Amino acid sequence: MKTLSDYPNLRQQRQQLLQQLSGLQELRRGSLTEQFLMVKRKDGSRVKRGPYPLLTRKHGQKTVSRRLTDPDLVPLYRQQIQALRQFETVVDGLVRVGEQLSDLAVAEVVQKKTPGGTGTSRRGASPRRRPGHPADA
């Protein structure tokens, strides 16, 4: 459990994550795979052709694929896809740190509300615990 003394450390982590996020420019969804095709020759024999780079991603409920015709662009596509993966990791970290900061903010408000920080106090014991009174089911 984090304490209020962890607040500056969490704020620093948040700033570092935001800085990482600002450095991510080109993002691309999907993944790169290699496509091979079996082609039938005139003599009836089959030959395997490829690999052809294929960009695949989800679009709604469907998977959409596009063959990349320029092999020089494949490394750029790989970088962009990796940048999206890094983006998702950084955003996940931001959410985690943000939740911890939120928990600390709530704990601070609760601590200010309750004298001594022990919770709510009662004026008397509940009727079930008073001597001489039967416990209600």
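Reference entry: report on the structure contained in this document.

About the criteria used
Residues numbered from 1 in each chain as written. Predicted model: local features only at pLDDT ≥ 70, side-chain atom pairs only at ≥ 80, totals over all residues. Heavy atoms only, no water. Salt bridge = Lys/Arg side-chain N within 4 Å of Asp/Glu carboxyl O. Helix = DSSP H or I, 4+ residues; strand = E, 2+ residues; numbered from the N terminus. Buried < 20%, exposed > 50% of the residue type's maximum accessible area, 1.4 Å probe, protein only. Core = buried A, V, L, I, M, F, W, Y, C linked by side-chain atoms within 4.5 Å. Contact = heavy atoms within 4.5 Å. Phe/Tyr/Trp six-rings, centres within 6.5 Å; stacked < 30°, edge-to-face > 60°. Lys NZ or Arg CZ within 6 Å of the ring centre and 35° of its normal. Pairing = 2+ DSSP bridges. Axes fitted to C-alpha atoms, helices over the stretch in contact; angles between N-to-C directions. Parallel < 35°, antiparallel > 145°, perpendicular 65-115°, else oblique. Left-handed = near helix turned anticlockwise from the far one by under 90°. Nonpolar A, V, L, I, M, F, W, Y, C, P; charged D, E, K, R; others polar.

**As for the pattern of salt bridges**
And then number 1: Inspection of every chain in the model, using the stated rule, returns one salt bridge.
And then number 2: The partner of Lys 112 in a salt bridge is Glu 108, with the nearest N and O atoms 3.9 Å apart. Of this pair, Lys 112 and Glu 108 both sit in helix 2 (residues 74-113), four residues apart, which is roughly one turn of that helix.
And then number 3: Exposure remark for Glu 108: the relative accessible area of 35% places this residue in the partly exposed category.

**Thoughts on the nonpolar core**
Generally speaking, a soluble globular protein has its nonpolar side chains buried in company with each other.
And then number 1: Core analysis: the largest hydrophobic core is formed by seven residues, namely Leu 10, Leu 17, Val 90, Leu 94, Val 97, Leu 101 and Leu 104.
And then number 2: Mapped by element, the contributors of at least two residues to this core are helix 1 (7-22) and helix 2.
And then number 3: In terms of residues, this core owes the most to one element, helix 2, which gives five residues.
And then number 4: Setting aside its immediate chain neighbours within four residues, Leu 10 contacts Val 97, Gln 100, Leu 101 and Leu 104.

**So, the environment of Leu 32**
And then number 1: Mapped onto the secondary structure, Leu 32 falls in strand 1 (residues 31-40).
And then number 2: Once residues within four sequence positions are removed from consideration, Leu 32 is found in contact with Leu 54, Leu 55, Leu 68, Val 74, Tyr 77, Arg 78 and Ile 81.

**Here's the deal with the packing of aromatic side chains**
And then number 1: Under the counting rule described, the total for this entry stands at zero aromatic pairs.
And then number 2: The ring of Phe 36 has Lys 48 sitting right over it, with the charged end atom 4.6 Å from the ring centre.
And then number 3: Cation over ring: Arg 67 sits above Tyr 52, and NZ or CZ is 4.3 Å from the ring centre.

**A few points about the pairing of strand 3 (residues 62-67)**
And then number 1: Across six bridges, the pairing between strand 2 (residues 46-59) and strand 3 is antiparallel. Bridge assignment links Lys 58 to a residue of strand 3, and that residue is Thr 63.
And then number 2: From the end of strand 2 to the start of strand 3, which pair antiparallel, there are two residues, and Gly 60 there has a positive phi angle of about 70°.

**Re the packing of helix 1 against helix 2**
And then number 1: Helix 2 packs onto helix 1 with a crossing angle of 155° between their chain directions and a minimal axis gap of 9 Å. Put simply, helix 1 runs roughly antiparallel to helix 2. As for the relative orientation of helix 1 and helix 2, their crossing is left-handed in sense. Contacts from Tyr 7, Leu 10, Arg 11, Gln 13, Arg 14, Leu 17, Leu 18, Gln 20 and Leu 21 in helix 1 reach Phe 87, Val 90, Val 91, Gly 93, Leu 94, Arg 96, Val 97, Gln 100, Leu 101 and Leu 104 in helix 2.
And then number 2: Along the lines of polarity and charge, the residues of the contact of helix 1 with helix 2 split into 12 nonpolar, four polar and three charged.

**Comments concerning the environment of Leu 101**
And then number 1: Structurally, Leu 101 is set in helix 2.
And then number 2: Exposure remark for Leu 101: the relative accessible area of 11% places this residue in the buried category.
And then number 3: Considering only alpha carbons, one finds Leu 101 and Leu 10, 91 residues apart in sequence, at a separation of 6.9 Å.
And then number 4: Contact partners of Leu 101, with chain neighbours within four places excluded, come to Tyr 7, Leu 10, Arg 11 and Arg 14.

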